[in-house]
Amino acid sequence: MDIRNTLIIGSGPAGYTAAVYAARAGLKPLVLGGFLMGGQSGGQLMTTTEVENFPGFPEGVPGPELMDRLRRQAARFDAEILDKDVVKADLSRPPFRLTTDDAEYLAKTVILATGATARRLNTEAETRFWNKGISACATCDGALPLFRNKPIAVLGGGDSAMEETLFLTRFGSQVILLHRRNEFRASQIMLDRVRRHPKVSIKTPYVLEDALGENLLEKIRVKNLATGAVEELAANGLFLAIGHEPNTSLFKGQIELDEAGYVKTDGHARTNIPGVFAAGDCVDHTYRQAVTAAGMGCMAAIQAERYLEA
Ligand SMILES: Cc1cc2nc3c(=O)[nH]c(=O)nc-3n(C[C@H](O)[C@H](O)[C@H](O)COP(=O)(O)OP(=O)(O)OC[C@H]3O[C@@H](n4cnc5c(N)ncnc54)[C@H](O)[C@@H]3O)c2cc1C
């Protein structure tokens, strides 16, 4: 069986950027880009309409178009890209062994770029208003004209929810933070900042019952869990800040993960296993942006190249 120089798992911004760099370095990388596991081929940006903050696109670019461009850029330099899920990974010793439904691949170096999945509510209302007022990323979507000077709601109780709430005060007329418990997981300092902000109101213990609107989101129906009372609130935006799951279960017990399941690296894309590198949202729970994922993909490919040279 052929032993590949570099095998990249995942085809989001991190995976494709790693593929561009590895391919241009002559490593002939193979990308197993995913099919159903951990999202879809092309990654998270396939689910969004407009990306306005990826450098080089002054007018913005639809998420699927950006991913198609990245894919074609990698293919242009002879990266081989297969839309297959890796169902088993043996990273115990080189050559590393990756298994899909119908084949097995050996590789001298592996780049993990399996991303993360933003937790969703999986309700009919969420599907109806996804990209039409409901979003899972304030940094990505908060500045859209849709939300300017309009009431916005945030769902969640951790530090991410606090960060998103504070960020959204820059755009919305007011921000309502809804949390299903009276206690917050967020750090006290973040919670205090939110509590002090004149544009923020906090409602606990509340859950979302429904989302309403003609075409775009206009209102949310929420329920007070303490009293059972249901009320409607004007909200043109609803941001879900209910956590992310890194797509790393395949690697559990094989490489070092942090307590939340993110791959631990040395800050230079190297994991604790020589020859295995990691990039993007499967590593990063701080920035979670396409450009940072792409940057890490570049780092991982350069590290793989240096490792192979050594
Ligand atoms: C709705 C939405 C809107 C967003 N908007 C923006 C924005 O405007 N700007 C911005 O910068 N960021 C935005 N983001 C965040 C951005 O999408 C992520 O930061 C970025 O996609 C992370 O890239 P990644 O390559 O690390 O992972 P992902 O994009 O998550 O890609 C992971 C890849 O790994 C694959 N995979 C997972 N498991 C396996 C497996 N077992 N085998 C094979 N493949 C596997 C998946 O199929 C996928 O291809 C948005 C996110 C969401 C959800």
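> What is the right way to read the pairing of strand 15 (residues 219-224) from this model?
Remark: a regular strand shows side chains that alternate across the two faces of the sheet. Sheet analysis places strand 14 (residues 206-212) next to strand 15, joined by 6 bridges and oriented antiparallel. By the bridge assignment, alanine 211 is partnered in strand 15 with isoleucine 220. The loop that links strand 14 with its antiparallel partner strand 15 comprises 6 residues.

> Which parts of the structure should I look at to understand the domain arrangement of the protein?
One frequent convention defines the size of an interface as the accessible area lost when the parts assemble. For the protein, the assigned domains read domain 1 (3-117 + 244-309) and domain 2 (120-240). Centre-to-centre, using C-alpha coordinates, domain 1 lies 32 Å away from domain 2.

> What is the right way to look at the site of the ligand in this model?
Taken together, 43 residues are adjacent to the ligand, and Gly12, Gly34, Gly43, Gly115 and Gly280 come closest. Going through the elements one at a time, helix 1 (13-24), strand 9 (116-118) and helix 7 (290-309) are the ones with two or more residues in the shell around the ligand. Its residues placed into classes, the shell around the ligand shows 19 nonpolar, 21 polar and 3 charged. Looking at which domains feed residues into the shell around the ligand, each of domain 1 (3-117 + 244-309) and domain 2 (120-240) supplies at least three.

> Explain the sheet that holds strand 15 here, please?
Note: strands within a sheet are paired through backbone hydrogen bonds, in either parallel or antiparallel orientation. Strand order in the open sheet formed by 3 strands is 14-15-16, with antiparallel pairing between adjacent strands. Bordering the open sheet on either side are strand 14 and strand 16 (230-234), each of which pairs with just one other strand. Across this sheet, the average inter-strand angle for adjacent strands is 30 degrees, counted without regard to direction.

> Quick question: what am I supposed to make of helix 7 here?
Turn by turn, an α-helix covers 3.6 residues, leaving residues three or four places apart pointing in a common direction. With 20 residues, helix 7 extends 29 Å between its outermost C-alpha atoms, agreeing within 8% with the 28 Å of an ideal straight helix rising 1.5 Å per residue. Turning to helix 7, its buried residues number three or more, namely Ala290, Ala293, Ala294, Met296, Gly297, Met299, Ala300, Ala301, Gln303 and Ala304. Where the residues of helix 7 are buried, they touch strand 1 (3-9), helix 1, strand 3 (50-51), strand 8 (104-112) and strand 19 (276-278).

> Would you explain the sheet that holds strand 13 (residues 200-203) in this entry?
Spatially, 5 strands are ordered 10-17-11-12-13 in an open sheet, and the strand pairing comes out parallel. In this open sheet, the two edge strands, each paired with only one partner strand, are strand 10 (134-135) and strand 13. Sheet analysis places strand 10 next to strand 17 (residues 237-240), joined by 2 bridges and oriented parallel. Looking at strand 17, one finds that isoleucine 134 is bridged to leucine 238. Against the sheet, helix 5 (residues 159-168) contacts strand 11 (151-155), strand 12 (174-178), strand 13 and strand 17, and its axis sits at roughly 170 degrees relative to strand 11.

Cut-offs used in this document
- Residues numbered from 1 in each chain as written.
- Predicted model: local features only at pLDDT ≥ 70, side-chain atom pairs only at ≥ 80, totals over all residues.
- Pairing = 2+ DSSP bridges.
- Helix = DSSP H or I, 4+ residues; strand = E, 2+ residues; numbered from the N terminus.
- Domains from an automatic or database assignment.
- Near = placed C-beta within 6 Å.
- Nonpolar A, V, L, I, M, F, W, Y, C, P; charged D, E, K, R; others polar.
- Axes fitted to C-alpha atoms, helices over the stretch in contact; angles between N-to-C directions.
- Expected span 1.5 Å × (residues − 1).
- Buried ≥ 20, exposed ≤ 12 C-beta atoms within 10 Å, placed from the backbone.
- Contact = placed C-beta atoms within 7 Å.

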